[in-house]
Amino acid sequence: MNTKIIFLIFLIYGLKISAQAGISKNPSFELDSRALLHVKQDNFAARMPRADLTSLLPASASGTTGNGTQGSIIFNRETGSIVQNDGTAWKISDPIVTTMKSNKMARFIRTGTVTSSCGTCGIACGLTVRTCSTTNITFTNSSPVLNDISSSVSLAAANSNVININQKGLYKVSFKSGAIDISSPLCLGVVINLQSRLNLELSTSSDATWRPINNTASNSTAGALSVSTLAPGSIDVGQSLTFTYVGVFNVGDKLRLTLNGTQNIGTGACTGLLGGNDMYFAMNKTGNAVSEIIIEKINM
């Protein structure tokens, strides 16, 4: 008889701790207090409590409540992260996510006005294509620059158009120019295509030749600017140049940015004798034209 009672007790105890997990998207879902797994009601994370009794759980961290968060391990499918609440704070335990969240970056600010000259107009310059010079874009180390990865990336000098790669790795390079100013002569009844171009170029320690690895071009609206009168001097036709490039670089690699473009006068008449002769694209350094390059080292 005693043997049967003992067996019955163990049977009941075994049934008690082997309760099935409950999973539901219904906000009114009541989980079984004996469950070892349940799902957050926002449907983004699965919680696996280490214990099912409040008395056995550590104190809840600030901002977290309930038995489902205290002492829990959570997998978040939005971020691919695994986090653990030790009763004091949430801690990321997934080594891959921990490394990726430790990414650092460098930000260099463009210094001075960059001008790509398209030549002069003279007496008349209708029905011509003006090719604009390739000009280096220079950056500075002065404030508000930051560089958390100086051992990996650095400017060749305090003010330089060359960025040195000092450590092999996967990098993300992002640039924004702000507004591009255009200077054209006095034109009447013209259709003119204004195209500014930005090149990201690479040279290596074994080959000093600069080679483009990314090209970004900006055209005026619908590819051409059609106006009855185009006044001389500097104007803003709403162009800007931005890009993001991800690639692997080696020790000794160097990066630089260059600006060039074309001014294609398809129809109409232009003259440089009245009001202005120079034709160019320019990145100035006022207002929203202040631009930056951000380089991020991606750790995997």
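Residues numbered from 1 in each chain as written. Predicted model: local features only at pLDDT ≥ 70, side-chain atom pairs only at ≥ 80, totals over all residues. Heavy atoms only, no water.

### Quick notes on the overall build of the protein chain
For clarity, the threshold we go by: Where helices and strands are cited, they refer to DSSP runs of H or I of at least four residues and of E of at least two residues respectively, numbered from the N terminus. Buried, partly exposed and exposed residues are distinguished by accessible area as a fraction of the type maximum, computed with a 1.4 Å probe on protein chains only: under 20%, between the cut-offs, and over 50%, respectively. Two residues form a contact once any of their heavy atoms are found within 4.5 Å. A 1.4 Å probe and the Shrake-Rupley method give the accessible areas. Residues count as covered only by the protein chains that appear here.
Scanning the protein chain from terminus to terminus reveals 2 helices and 21 strands. Counting every position in the protein chain, which comprises 300 residues, the buried fraction comes to 39%. Long-range contacts, defined as pairs at least 24 residues apart, comprise 72% of the intrachain contacts of the protein chain with a sequence gap of at least 6. Carbon and sulfur atoms form 56% of the exposed surface of the protein chain, whose accessible area is close to 16000 Å².

### Thoughts on the state of the cysteines
This is how the line gets drawn: For the purposes of this analysis, a disulfide is any pair of cysteine sulfur atoms at a distance within 2.5 Å.
Counted according to the given criterion, the structure contains 3 disulfides. Disulfide pairing places Cys118 opposite Cys132 at an S-S distance of 1.9 Å. The sign of the 95° torsion about the S-S bond sets the Cys118-Cys132 disulfide as right-handed. One end of the pair, Cys118, is in strand E7 (residues 114-120); the other, Cys132, is in strand E8 (residues 129-136), with 14 residues separating them in the sequence. Residue Cys132 is classed as buried on the basis of its relative accessible area of 5%. The disulfide bridge from Cys121 ends at Cys125, spanning 2.1 Å between sulfur atoms. Residues Cys121 and Cys125 are joined through a disulfide that is left-handed, its torsion about the S-S bond being -90°.

### Observations concerning the pairing of strand E15 (residues 186-203)
As a reminder of what qualifies: For two strands to pair, DSSP has to find at least two bridges joining them.
Judged from the 16 bridges that link them, E15 and strand E19 (residues 254-271) form a sheet pairing that is antiparallel. Counted as the bridge partner of Arg197 is Asn260 from E19. One ladder, built from 5 bridges, connects E15 with strand E17 (residues 225-230); its direction is antiparallel. Bridging from a neighbouring strand, Ile192 pairs with Leu225 of E17.

### Structural notes on the nonpolar core
We apply this condition: Note on terminology: a nonpolar core comprises buried Ala, Val, Leu, Ile, Met, Phe, Trp, Tyr and Cys residues joined through side-chain atoms within 4.5 Å.
Grouped together as the largest cluster of nonpolar side chains are 43 residues, with contacts concentrated most on Phe108, Leu257, Met283 and Ile293. For this core, the element with the most residues is E15, which contributes 7 residues. Look past the residues within four positions of Phe108 in its chain and what remains in contact with it is Phe139, Thr140, Asn141, Val145, Asn147, Val153, Ser154, Leu155, Ile163, Glu292, Ile293 and Ile295.

### Re the pattern of salt bridges
Close approach of charged atoms lets side chains of opposite charge pair. Our working definition: What makes a salt bridge here is a side-chain nitrogen of Lys or Arg within 4 Å of a carboxyl oxygen of Asp or Glu, nothing more.
Taken as a whole and judged by the stated rule, the model has 4 salt bridges. Across the pair Arg107 and Glu292 runs a salt bridge, and its minimum N-O distance is 3.8 Å. In this pair, Arg107 sits in strand E6 (residues 104-110) while Glu292 sits in strand E21 (residues 292-298), placing the two residues 185 residues apart along the sequence. Arg107 sits in the partly exposed class, given a relative accessible area of 24%. A residue is classified by how much of its surface remains accessible, and Glu292, at 18% relative accessible area, is buried. Where Arg211 meets Asp207, a salt bridge forms, and the shortest distance between an N and an O atom there is 2.6 Å.

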